[in-house]
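Next come the chains, spelled out residue by residue.
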Amino acid sequence: LKNIVVSAGSGGLGGFCLQFLKLWRDSLPEEQREQVKLIATCSQKNTDYVKKIGATHVVDYTNESVVKSLLELSDNQGVDVFIDNVGFENRRLGLECLNYEGQLVISVESGDNFAVNELWGKSQSVHSVLILSNYWSKNHDKMELLKFIGDDVLRLYAQNKISSLVSEILPFENLKEGLEKLHGRHVRGKLVSQVARLNTIV
């Protein structure tokens, strides 16, 4: 894998994707590491932020053609992986940018469908990722895997290898305001709502 795109790189999902990918890239031998491009899409104001958390290249989706820029960054070969953290038309952009045997990773549901034959010609594949569905599966092994992932993420956080990406802590009464911000898809990092502790009467 040489060209990996993280859409909405300044958001919560995108930010964690970039951090984990950076850890992986940093673990590679130097010669291989220099060949790997971690490309984030975001607005211009978030360029420095996404570079700080892991992006090696940035595409400003507000001022340039995402498809054209990604093709140029991949020497017109197309990207190996496009991680869709937005949905809707963004998913279509990802398909346009993928190379032969490229992989589209979907982390959000948008109701946008596409035909399998759109992938078949280039041997491309789609991966749908929803970690919390491990609980819904009622499969003990899958639930154990989720615990393992959670423990690993906490370990990385405790070792200061990743950030929580919390950008704002809102009092519970401002939860509606926070949800409206999230709905607008222009939040940097994660918003946290703080719930007051309740005194327990014994």
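Presented here is a report on the structure given in the accompanying data block. Predicted, not measured: the structure shown is a model, and the values here were computed from it.

### A look at the pattern of salt bridges
Going through the model one piece at a time under the given rule, you end up with 4 salt bridges. Taking the shortest distance from any N to any O, the salt bridge between Lys 22 and Asp 26 comes out at 2.8 Å. One end of the pair, Lys 22, and the other, Asp 26, are both in helix α1 (residues 12-26), 4 residues apart, so they sit about a helical turn from each other. For Asp 26, a relative accessible area of 38% puts it in the partly exposed group. Residue Asp 152 is joined to Arg 155 by a salt bridge in which the shortest nitrogen-to-oxygen separation is 2.6 Å. Placement of both Asp 152 and Arg 155 in helix α8 (residues 140-158) is noted, with a separation of 3 residues, approximately one turn of the helix. Given the relative accessible area of 28%, Asp 152 is considered partly exposed.

### Observations concerning the pairing of strand β1 (residues 3-6)
On β1, burial covers both faces: Asn 3 and Val 5 on one face and Ile 4 and Val 6 on the other are all buried. Alignment of β1 against strand β2 (residues 37-42), held across 4 bridges, turns out to be parallel. Across the sheet, residue Val 5 finds its bridge partner in β2, namely Ile 39. As defined by bridge partners, β1 adjoins strand β4 (residues 79-84) across 3 bridges and the pair is classed as parallel. Across the sheet, the residue bridging to Val 6 is Ile 83, located in β4.

### What about the side chain of Asn 46?
Inspection of the secondary structure puts Asn 46 in the loop between β2 and α3 (47-53). Beyond its immediate sequence surroundings of up to four residues, Asn 46 is in contact with Ser 10 and Arg 188.

### A look at the nonpolar core
By size, the foremost hydrophobic cluster in this structure holds 18 residues, and its most contacted members are Ile 4, Val 6, Leu 18, Leu 21, Val 50 and Ile 83. Mapped onto this core, the elements with two or more residues apiece are β1, α1, β2, α3 and β4. With sequence-adjacent residues up to four places away left out, Ile 4 is seen in contact with Leu 21, Trp 24, Lys 37, Leu 38, Ile 39, Val 81 and Ile 83. Counting 15 residues, the second largest nonpolar core, distinct from the first, contains Val 5, Val 66, Leu 70 and Leu 104.

### Focus: unusual backbone geometry
Backbone geometry places Ala 8, a non-glycine residue, at a positive phi of 55°. By secondary structure assignment, the location of Ala 8 is in the loop between β1 and α1. Residue classification places Ala 8 among the partly exposed residues on the basis of a relative accessible area of 24%. Notably, Leu 165 is not glycine yet its phi reads approximately 65°, a positive angle. Tracing the backbone through its elements, the reader meets Leu 165 in the loop between α8 and β7 (166-171).

Procedures and definitions
- Residues numbered from 1 in each chain as written.
- Predicted model: local features only at pLDDT ≥ 70, side-chain atom pairs only at ≥ 80, totals over all residues.
- Heavy atoms only, no water.
- Salt bridge = Lys/Arg side-chain N within 4 Å of Asp/Glu carboxyl O.
- Helix = DSSP H or I, 4+ residues; strand = E, 2+ residues; numbered from the N terminus.
- Buried < 20%, exposed > 50% of the residue type's maximum accessible area, 1.4 Å probe, protein only.
- Pairing = 2+ DSSP bridges.
- Contact = heavy atoms within 4.5 Å.
- Core = buried A, V, L, I, M, F, W, Y, C linked by side-chain atoms within 4.5 Å.

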